[in-house]
Amino acid sequence: MKKALVLFGLVLSLFLLTSCSTDDNSGWKPYPVGGLTMVNGYAGSEAVWYIANGRFVQPPYQGLAYKGYGYIGLYTGNRSLDIITNTNEKIVTNANLQVVEDHLYTSFIGGASKENLIHFITDDQRIKLGEEGNNLTNSGLRFFNLTGEDLAVNVKLDDEVVFKDRNSETPASAKNNEQFIAQTSKTYTVSVLDKNGKELAKREQITLDKGRYFSLILVGSNNAEKPYYIGLVKQF
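Rules used throughout
- Residues numbered from 1 in each chain as written.
- Predicted model: local features only at pLDDT ≥ 70, side-chain atom pairs only at ≥ 80, totals over all residues.
- Heavy atoms only, no water.
- Pairing = 2+ DSSP bridges.
- Helix = DSSP H or I, 4+ residues; strand = E, 2+ residues; numbered from the N terminus.
- Axes fitted to C-alpha atoms, helices over the stretch in contact; angles between N-to-C directions.
- Buried < 20%, exposed > 50% of the residue type's maximum accessible area, 1.4 Å probe, protein only.
- Phe/Tyr/Trp six-rings, centres within 6.5 Å; stacked < 30°, edge-to-face > 60°.
- Core = buried A, V, L, I, M, F, W, Y, C linked by side-chain atoms within 4.5 Å.
- Contact = heavy atoms within 4.5 Å.
- Polar contact = N/O pair within 3.5 Å; in protein donor to acceptor, adjacent residues only side chain to side chain.
- Salt bridge = Lys/Arg side-chain N within 4 Å of Asp/Glu carboxyl O.

Topic: the sheet that holds strand β17 (residues 229-234)
By definition, the strands of a sheet pair up through backbone hydrogen bonds, in either a parallel or an antiparallel sense.
Here comes step 1: Pairing is mixed in the open sheet, where four strands are placed in the order β13-β10-β16-β17. With one partner strand each, in any of the chains shown, β13 (181-184) and β17 form the two edges of the open sheet. Direction aside, the axes of adjacent strands within the sheet are offset by 35° on average.
Here comes step 2: Here six bridges tie strand β10 (residues 138-145) to strand β16 (residues 213-219), and the two strands are oriented parallel to one another. By the bridge assignment, R142 is partnered in β16 with S215.

Here you go:
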């Protein structure tokens with residue numbers, strides 16, 4: 001009975017969200033919105049569901065999968081975010097986001113359990129990536145360590161260390177590192193190494209397109225069930 005009630009609530013919330021989305025496009029004047037990218041690096045669950053101001057964002061049978069990301073538009077103003085797992089455990093409660101029209105934000109969640117949970121929201125700003133028009137030669141890039149472990153890492157693109165001594169994120173470190181840096185646009189082999197030079201994860205054929213923005217993330221843990229993994233989030 002309890003499961004049936006939970007399922008009914010999920011379906012009802014989805015219906016309400018869909019109805020509101022339809023209404024957004026039917027008026028004479030569009031509602032002012034901002035954009036939110038949601039990144040799931042939480043290894044403690046196979047999927048998570050975002051709830052924005054009490055309404056579910058993902059469908060009840062299709063949460064945001066581990067290592068996955070998605071995008072939604074949010075009305076401007078003060079928004080409250082909750083995040084639950086596939087076992088209906090609430091792992092983020094009342095995370096506040098002040099949405100400004102046409103601004104972009106990203107919610108990152110990481111860790112492997114509620115005890116070492118990481119959650120933060122970035123304010124995503126564009127940077128100069130070259131001359132305008134067809135002369136852009138760079139991509140915007142940043143990195144976040146979402147393992148939740150006491151693990152300082154270096155990130156190499158091919159043979160160059162681009163991000164150095166980056167431990168699991170805190171609200172302060174996430175804010176300090178939310179700005180993108182300009183990186184030459186091409187295809188790289190990306191590797192993450194610990195402080196002793198041991199390779200923890202490697203991913204080949206990561207292409208940074210000209211004029212686009214990306215986040216590299218390290219997720220997973222030191223156990224065999226969900227090992228370390230380098231994710232690439234295409235931001236905008």
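Thoughts on the pairing of strand β6 (residues 77-85)
Here comes step 1: Most of β6 is tucked away: eight of the nine residues are buried.
Here comes step 2: Where strand β2 (residues 47-52) lies against β6, five bridges are found, and the strand directions are antiparallel. Residue pairing for β6: A52 is matched across the bridge by L81.
Here comes step 3: Note: β6 against strand β7 (residues 90-99), seven bridges, orientation antiparallel. Opposite S80, over in β7, you have N96 as the bridge partner.

Some words on the packing of aromatic side chains
Here comes step 1: One pass over the full model with this rule turns up eight aromatic pairs.
Here comes step 2: Both rings, one in Y31 and one in Y75, keep their centres 5.5 Å apart while their planes meet at 55°; by these two values the pair is tilted. Placement of Y31 in the loop between α1 (2-24) and β1 (33-42) and of Y75 in strand β5 (residues 69-75) is noted, with a sequence separation of 44 residues between them.
Here comes step 3: Taking the relative accessible area as the measure of exposure, Y75 reaches 30% and is therefore partly exposed.

Describing the nonpolar core
Here comes step 1: Grouped together as the largest cluster of nonpolar side chains are 21 residues, with contacts concentrated most on V155, L157, V190, L208, L216 and L218.
Here comes step 2: For this core, the secondary-structure elements that each account for two or more residues are β10, β11 (153-157), β12 (160-166), β14 (187-194), β15 (199-207), β16 and β17.
Here comes step 3: Look past the residues within four positions of V155 in its chain and what remains in contact with it is F143, E160, V161, V162, F163, V190, S191, V192 and L216.
Here comes step 4: Counting residues in each nonpolar core, the second largest holds 19 residues, with L74, I91, V92 and Y105 among its members.

Points about the side chain of S168
Here comes step 1: Here S168 lies in the loop between β12 and α2 (171-176).
Here comes step 2: With a relative accessible area of 14%, S168 lands in the buried category.
Here comes step 3: A polar side-chain atom of S168 sits 3.0 Å from the main-chain amide nitrogen of G148.
Here comes step 4: Among the polar contacts listed, one links the side chain of S168 to the backbone oxygen of E149, at a separation of 2.6 Å.
Here comes step 5: Those residues in contact with S168 that lie beyond four places of it in its chain are I118, N145, T147, G148, E149, L151 and S173.

Details of the sheet that holds strand β9 (residues 118-124)
Here comes step 1: Pairing is mixed in the open sheet, where four strands are placed in the order β5-β1-β8-β9. Each of the sheet's edge strands pairs with one partner strand only, and the pair in question is β5 and β9. Across the sheet, the mean angle separating the axes of adjacent strands is 20° when strand polarity is ignored.

What about the pattern of salt bridges?
Here comes step 1: Across all of its chains, the model carries six salt bridges by this definition.
Here comes step 2: A salt bridge links D124 to R142, with the shortest nitrogen-to-oxygen separation between them at 3.0 Å. Taken together, the residues D124 in strand β9 and R142 in strand β10 connect sequence positions 18 residues apart. Each member of the pair, D124 as well as R142, carries the same accessibility label: buried.

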